[in-house]
Structure formats: C-alpha cells, structure tokens
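Chain by chain, the residues run as shown.
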Amino acid sequence: MEVTPEEWTERAKENMKKFLNRGGACRGDEPQTLVGAALENTLGYALNLTMKDPNEWTDDELQQEYMEQLCFYDAESRKTIDKLTQQMYAQGVVAEEPCHLTILPIELYAEGKLYEVALFRYQFGDCNVTEPKYVDSYGRVYGSFRDFLRNNKYPSAEVMYPREGRLEAGEDKTVQYEVGKTPAWKAYYFKALDIATGIIGIAGATGAIFLSGGIATPFVAASIGSALYATGRSIDVLRDKSAHQESLNPFRDSESRTAWLSLTAHVLTFGTMPHISALSGVASTSHSIATGFKVCNFINETGNIISDLVICDTLSAMHSSYYNASIETRLAHAASICFWTKTPISIRRAELMMKNNAIVALKLFGFEDHCCEYFNNDSHAIDIGLRIAKHSLEYNVLIGSDPSEPGTIRIDGTRFPIKALLRLEPNEVELLFDALQGVTATPGDRALFHELCLLVRPTSGLPPTENEDDGKLHTLVRFLAEEATRECLPVNELMEILLQTYAVVKRCEELAHVSPTTFGLSVEQGGLCIGRGLWMRLKPAYILLASKRTTPLPADQTTDGKLLQDDPSKSTEDKDTERVVRAILDLNEEQCVRLTEVVRQDPNYLCIFKQKPHDAKTGDAVSNAEGQQDEQLYRNLKENILRALERGMDAS
C-alpha cells in the first residue's frame, strides 16, 4: 500500500501510538519483566517471525504450552530469536536472570512505503542502578539510543523514532517523536537496495498492512502482527478498574470510555482503519456520548463514528470467531492479545482475558452483576449474551434485569429466563429478536407470548436440562424458523399469525369451558395442535381460524374468569370460528388423527368447514330462532367433518 510523502508522518505517529499504550494507557515505556519462553515469544511476535504450526506440536510441546514454557516459533525463526537473546545475555548474565524489556517502534519511510521495525531496550538487575542497552532486529547491540541513531545499519530511509528513546506522551496523548534520516542516507550503494530486503522482521501491523496490502497469513509468510488488540491497554484498564471496584461505565468514567472505544476500533478493523488510534485520544474529552445506550455515538476528528452497536457487534463477532477458529488462528490471536497487554504469550491467558473482557461488556450492555454467574467459564453462554446485547441495540430495544429476579432478564419488557436464552444457538438469537417484532408492547400480547413458550412440546434429541421449560424457547424459535422457510414469510409476520391463532383458540376454549388449553406447538409434528390431536401447519390453521376474525379479542371481557358468550358485537365470522373450534374439541383422538391426515392431503380442506346459513322459521322468537340456527349450523358442520373422515378412510 502506497503512502504519500504528505501523510507518512501522520501514519507513523498513529502506528507509534499503539506502542505508547501497550500494556495500559501511556504505559508503553514501562519495562516488561520476562525470562525464558516468555521473552522468546515476545521477541518473536515483535519481529513478526513465523510460528510453528500448532497442529504439529508433539506431546511434550503440548505439555510445555500448558506450563507456559513453550516457544511458539519455528526452527528458522528461533535462529533470529536465539541471536538476540545471546546478545542480550552476553557478558556473564545468567540465563535465569529476568530481563526488563521495552519495545520501541522505529518508523521507516522509503520508496513510497512505510515500514515499522522493533528496537529493544533491555536491562538486568535494578533498573535504577544499571544503564539500558539496545538491540535491533539485526542483533546489533548499542550502548545508548544516540549510538543507535548514529550507527544503525538500516537501508536509506527517512525515520521517525520516540524522542530520546522514550515512549512518552505529549499533550495530545501521542508519542513525543523526532524525524530524521538513517545513516545510510549518504551511502550511495544503499540507495540501490530494496528496503524490504534490508530489514529483518518487519514488525507488527504496519509491515503486514503497508507492505502486503493486508494482514499476512500467520503460518505461511509471517506470524500475524495485526492489531486485534492494537491498543491492548484497553483490556488492562478495564480489568484493573474492575479489580479495584472502580466504575466500568463508559458514560460516567472517561478512562473506561477511552478503553472501550479504543479497544473496539482496533478489533473492528484489525488495525486497518487509518487514524484509528486517534479515537482513544479524543474519547476521554468527548461529550457526544449520551447517557442512553441507543443514542451513543462517538465522532472523532476524521469523521469516523464508533457507536455502542459497533462496540457490541465487534466484541460479539470477535468472541464467536475466536472460539470457533482453528487452533493456529487461536494461537495467532492469543499472541496478539497477550503481546499488546504485556502478558506472557499463552492461549490459556488469552482465553481468560477474552472471557473477562466479554463479561465486562455484558455488564455495560444490560446484564447486571447478578446475571454474570451464568456466563462464567462458559464460552457459549458469553457468545449468546453478546449477541443478545448486540441485537437489542440493533433492534432498538432495551435489556433490563431485576435483582429480585436474578434468573431472568427483560428484553423490551418481555421477561425471559436466562437459562432459556442460553439454550439458543448463536444463529437463533437474531431470529428471536425478529419474532419479538411481531409481539406488540401491550401486556396482553406479552402474556400470550409467555403462554405460547410454555405450550411448546419437547423435542427429542435436545441436551437434557434441569428444567424442561428452559428448552421450550429454543424449540419455539426453531419452529418459527422452519415455518418461515416453508412459507417464505418473515419471522415477525409468522409470530403475529401465531399469536392471533392462539388467541382465537384460547377464547373459543374458554367459551366451551375447556381447561387447560389443548393448544400446543411441536417441531417434530410440524405445526400446532388443537383438541385431542388435530395437527395443522401454522398458515392453514390461521386461514381457517383467525384470518376472518373481525371483532378484536377483548382483554377484560370476562365473568369469573370466563368470557361472556352473549357478546352483541360478535360477527358472523366470529360465530363460525367458534363453531369450528367447538367441533374440533368434540372429536376423539382417533378422529383427530384422521382429520390431520385429511387436512394435510386435501388442498380443498376448507370446504369441510364451510358453513351455510340455515333458514330460520318464521314466527318464532328472534332469540330462539338464532339459537336454533346456531345449533343446526354446528350439527351440519360436525356431519361434514365426519363425512370427510369417512371419505379419507375409504381413500386410504
């Protein structure tokens, strides 16, 4: 990727800033104490060397990795690492002596490209007594930073470096730097040398991005040097504040806000968005973050917008990608996470930080402390929790919880047991939110939805659970998904259809004094149940029972819990529906099974339930005539159904 002469210094400053914040806000210059494999892995990552394929690890290497004593780099890379450690441990320093290491970024600009190489500042013993030394990627040792500037062997290039070899922040929270030229600038023979062949180990995100145009393949060309956690200080800040009982709320605490925005920006783009590090410098003074999660937007000076939805979406995507990734990808990500947080590189440590970081996110986006016990040490649960938070923001609905109900949360006012939500598969979370769009905000609809969840029939093959009801929400979502595929309808429309159909059946059952309801749902049966076993697909059941209803279902038109039957506003279509449900309820189990087959096989099944008006006798009282007519229509309907069953038996 080409970088123009006008912009290279700005790009270089942004690249240096991630090292300034490595291990914490403006703490990049603080030495990291390392020894053995931890030192070797940190050097290897900083030099962007090639890792050994973890699929080829021996049993002994697996044991070493568990004990955090394994060097992850291949034999060729080890030659470079060993050369550096031999230089550092020269002059009688014992191998067990901890090394105090600081990594300084050196930015080189030549031939229209920007490169970044690592310079290592190291000390042994008491840092207040001994003087630091420097070693570059060639293995050349320098007694001082001035010695490095005057005598390095980098090819001819313009160079930007931390002032006096210290990663210190200026007023704008960026690295204090100086710009110059490499010593080779005056040497003619270096000008003809391709700079890419003159640098050992192009470090970090800059080399991979600006040299190749994208992130390098970690186990082919170079170990991944991306900025998954390019401002790794973010995790460190959040974990430290959590451990010391400080506020993690980004809307009340500027340091937390800075950490979250900086972390998310880098995870989102894997280090490829220009000027992204500037987000952290502006976040702490930004006033564009409102106290409501839905309207949270962060705008930096480049016009980029990082919202709470982006934060949650990014963390959700990264968490799910990490735990679903191959072992080599997880190792590369673990190396990135640990490197930028100044933690000894370890898959186990990275996973722990990932989980802790995700739980912090869940707290920020609606899951209170009393909910977090459900997510500890459970990657699937964390994944589901992050997706719920993400979709709640995307669909503009609120998540809330009540300490008096620690096992539940409310999504847009609808109550859910947390264990039931955690039984969902990741792809089903969005389907649930789609379905909730078909549930209105009225208490009546929410009550019907809760009842429907309890009426779902168990599905065989599901993992066992202490409470059978916990798996019913998963089955309901799966039922809606299959119906949506079959009928080519949106899930939210099918949810509306399902609620209306259930409401009609429930009302008719109450009129017929049937309790408890016979209504049920089943994925295995492929539909909904009425009576003693009539199973119908959702759409046919809606067409038959609910599509022609004209009178709104009353929410409080009851007497002693029963709906009034003498409703003067009841239309002809409503009365027809009530007779159909009554007729179905009167069928025995065998008749219901036969009717199920007839309805599914006969495309003209609606003719079975068609009702023709019966002429009333003149001279009778109006009320008696209406009552006799309704009863006659019911008997005719029952006869039509029985005849259809007989025809079905004959046909079979």
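What you are looking at is a predicted structure, and each value in this text was computed from that prediction instead of being measured.

(A) Region of interest: the pattern of salt bridges. For the structure shown, the criterion picks out 25 salt bridges. Between Arg78 and Asp82 there is a salt bridge, and its shortest N-O distance comes to 3.8 Å. With Arg78 and Asp82 both in helix H4 (residues 75–88), this residue pair falls four residues apart, about one helical turn. With relative accessibility at 26%, the residue Arg78 sits in the partly exposed group. Judged by relative accessible area, which is 24%, Asp82 ranks as partly exposed. A single network of salt bridges, built from pairs that share partners, joins Asp29, Arg121 and Arg166.

(B) Region of interest: the pairing of strand E11 (residues 408–411). In terms of strand pairing, strand E10 (residues 399–400) meets E11 through two bridges, oriented antiparallel. Residue pairing across strands places Gly400 opposite Arg410, the latter belonging to E11. By the bridge criterion, four bridges tie E11 to strand E12 (residues 414–417) in an arrangement that is antiparallel. Bridge pairing in E12 places Ile411 opposite Thr414. Two successive antiparallel strands, E11 and E12, enclose a turn made up of two residues, where Asp412 displays a positive phi of approximately 55°.

(C) Structural view of the confidence of the model for the protein chain. On average, residues of the protein chain score 74 in pLDDT, and 72% of them reach the 70 mark or higher. This model gives residues 188–233 a pLDDT under 50, and the stretch forms 146 contacts once residues within four places in sequence are excluded. Low pLDDT, under 50, characterises residues 554–566; the predicted model gives this stretch 16 contacts beyond four residues in sequence or across chains.

(D) Seen up close, the nonpolar core. Residues Phe449, Leu473, Leu498 and Phe609 are the most contacted members of the largest nonpolar core, which totals 85 residues. The leading source of residues in this core is helix H19 (residues 491–511), at eleven residues. Leaving out residues up to four positions away in the same chain, Phe449 has contacts with Thr414, Phe416, Leu436, Val439, Leu473, Leu476, Met495 and Leu499. Within the second largest apolar cluster, 68 residues are counted, among which are Trp8, Leu47, Val117 and Tyr154.

(E) Representation of the sheet that holds E12. As summarised here, the arrangement of the three strands in space is E10-E11-E12, forming an open sheet in which the pairing is antiparallel. Each edge of the sheet is formed by a strand with only one pairing partner; in this case those strands are E10 and E12.

(F) Structural view of the packing of aromatic side chains. The full count for this structure, using the stated rule, is 15 aromatic pairs. When the ring of Phe145 is compared with that of Phe148, the centres are 5.7 Å apart and the planes differ by 35°; the resulting orientation is tilted. Remark: Phe148 and Phe145 occur in helix H5 (residues 145–151); sequence separation between them is three residues, near one turn of the helix. A residue is classified by how much of its surface remains accessible, and Phe145, at 7% relative accessible area, is buried. Members of the aromatic cluster, connected to one another through ring pairs, are Tyr134, Tyr138, Tyr142, Phe145, Phe148, Tyr154 and Tyr161. The ring of Phe339 has Arg22 lying over it, and the distance from NZ or CZ to the ring centre is 4.3 Å. For Arg582, the ring lying beneath its charged end belongs to Tyr634, and the centroid distance is 3.8 Å.

(G) The side chain of Ser346, seen in detail. By secondary structure assignment, the location of Ser346 is in the loop between helix H12 (327–340) and helix H13 (347–364). Taking relative accessible area as the criterion, Ser346 reaches 1% and is therefore assigned buried. At 3.2 Å, the side chain of Ser346 forms a polar contact with the backbone nitrogen of Arg349. Among all residues touching Ser346, those that are not within four sequence positions of it are Glu65, Glu68, Ala334 and Cys338.

(H) Fine view of the side chain of Thr42. Counting through the fold element by element, Thr42 comes out in helix H2 (residues 37–46). Since its relative accessible area comes to 1%, Thr42 is described here as buried. Polar side-chain contacts of Thr42 include one of 2.8 Å to the backbone oxygen of Ala38. What Thr42 contacts, discounting residues up to four positions off in sequence, is Arg22, Gln32, Leu34, Leu101, Ile103, Phe339 and Ile345.

(I) Focus on H2. Burial runs high along H2: ten of the ten residues are buried. Restricting attention to buried positions, one finds in H2 the residues Ala37, Ala38, Leu39, Glu40, Asn41, Thr42, Leu43, Gly44, Tyr45 and Ala46. Looking one or two residues past H2, Asn48 carries a phi angle of roughly 60°, positive in sign.

(J) Layout of the pairing of strand E6 (residues 158–162). Among the five residues that make up E6, four are buried, leaving the element largely enclosed by the rest of the structure. Looking at chain direction, strand E2 (residues 99–110) and E6 are connected through three bridges and run antiparallel. Looking at E6, one finds that Leu108 is bridged to Val159. Bridging between E6 and strand E7 (residues 177–181) involves five bridges; their strand directions are antiparallel. By the bridge assignment for E7, Glu158 is matched with Lys181.

(K) Up close: the packing of helix H14 (residues 379–394) against helix H16 (residues 426–436). It is at 9 Å that the axes of H14 and H16 come closest, and there the two elements cross at 30°. Judged by the inter-axis angle, H14 sits roughly parallel to H16. Note on packing geometry: the crossing formed by H14 with H16 is right-handed. Across the interface between the two elements, His380, Asp383, Ile384, Arg387, Ile388, His391 and Ser392 from H14 touch Pro426, Val429, Glu430 and Phe433 from H16.

(L) Focus on the sheet that holds strand E14 (residues 527–530). Pairing within the open sheet is antiparallel, and its three strands lie in the order E13-E14-E15. The sheet terminates laterally at strand E13 (520–522) and strand E15 (534–536), the two strands that pair on one side only. Adjacent strand axes in the sheet meet at a mean angle of 30°, parallel and antiparallel pairs treated alike. Where E13 lies against E14, three bridges are found, and the strand directions are antiparallel. The partner of Gly520 across the bridge, within E14, is Cys529. Along the sheet, helix H20 (residues 538–545) contacts E14 and E15; its crossing angle with E15, the most-contacted strand, is approximately 105°.

Procedures and definitions
Each chain carries its own residue numbering, running from 1 in the written order of its sequence. Side-chain atom pairs in this predicted model are given and counted only at pLDDT of 80 or more, local residue features only at pLDDT of at least 70, and totals for whole chains, interfaces and linings cover all residues. In computing side-chain properties, one takes all heavy atoms of the structure into account and sets aside hydrogens as well as water. The term salt bridge refers to a side-chain nitrogen of Lys or Arg lying within 4 Å of a carboxyl oxygen of Asp or Glu. Helix and strand assignments follow DSSP, with helices taken as H or I runs no shorter than four residues and strands as E runs no shorter than two, numbered in order from the N terminus. Only protein chains enter the accessibility calculation, which uses a 1.4 Å probe; a residue is then buried when its area is under 20% of its type maximum, exposed when over 50%, and partly exposed in between. By definition, two strands form a pair when at least two bridges between them are found by DSSP. One number per residue, pLDDT, summarises how confident the predictor is, and it ranges from 0 to 100. We call two residues in contact whenever any of their non-hydrogen atoms come within 4.5 Å of each other. Among buried residues, those of type Ala, Val, Leu, Ile, Met, Phe, Trp, Tyr and Cys that are joined through side-chain atoms within 4.5 Å constitute a nonpolar core. A pair of aromatic rings is counted whenever rings of Phe, Tyr or Trp (Trp by its six-membered ring) have centres within 6.5 Å, and the orientation is called stacked for planes under 30 degrees apart, edge-to-face for over 60 and tilted otherwise. The rule is short: NZ of Lys or CZ of Arg within 6 Å of the ring centre and within 35 degrees of the ring normal puts a charge over the ring. Any pair of N or O atoms that falls within 3.5 Å is considered a polar contact. Within protein, one atom must be able to donate a hydrogen and the other to accept it, and sequence-neighbouring residues count only if both atoms are side-chain atoms. Axes here refer to lines fitted to C-alpha atoms; in helices the fit is confined to the stretch in contact. Angles between the N-to-C directions go from 0 to 180 degrees. The scheme is simple: roughly parallel for angles under 35 degrees, roughly antiparallel for over 145, roughly perpendicular for 65 to 115, oblique for anything else. It is the rotation of the near helix from the far one that decides the hand of a crossing: anticlockwise by less than a right angle makes it left-handed, clockwise makes it right-handed.

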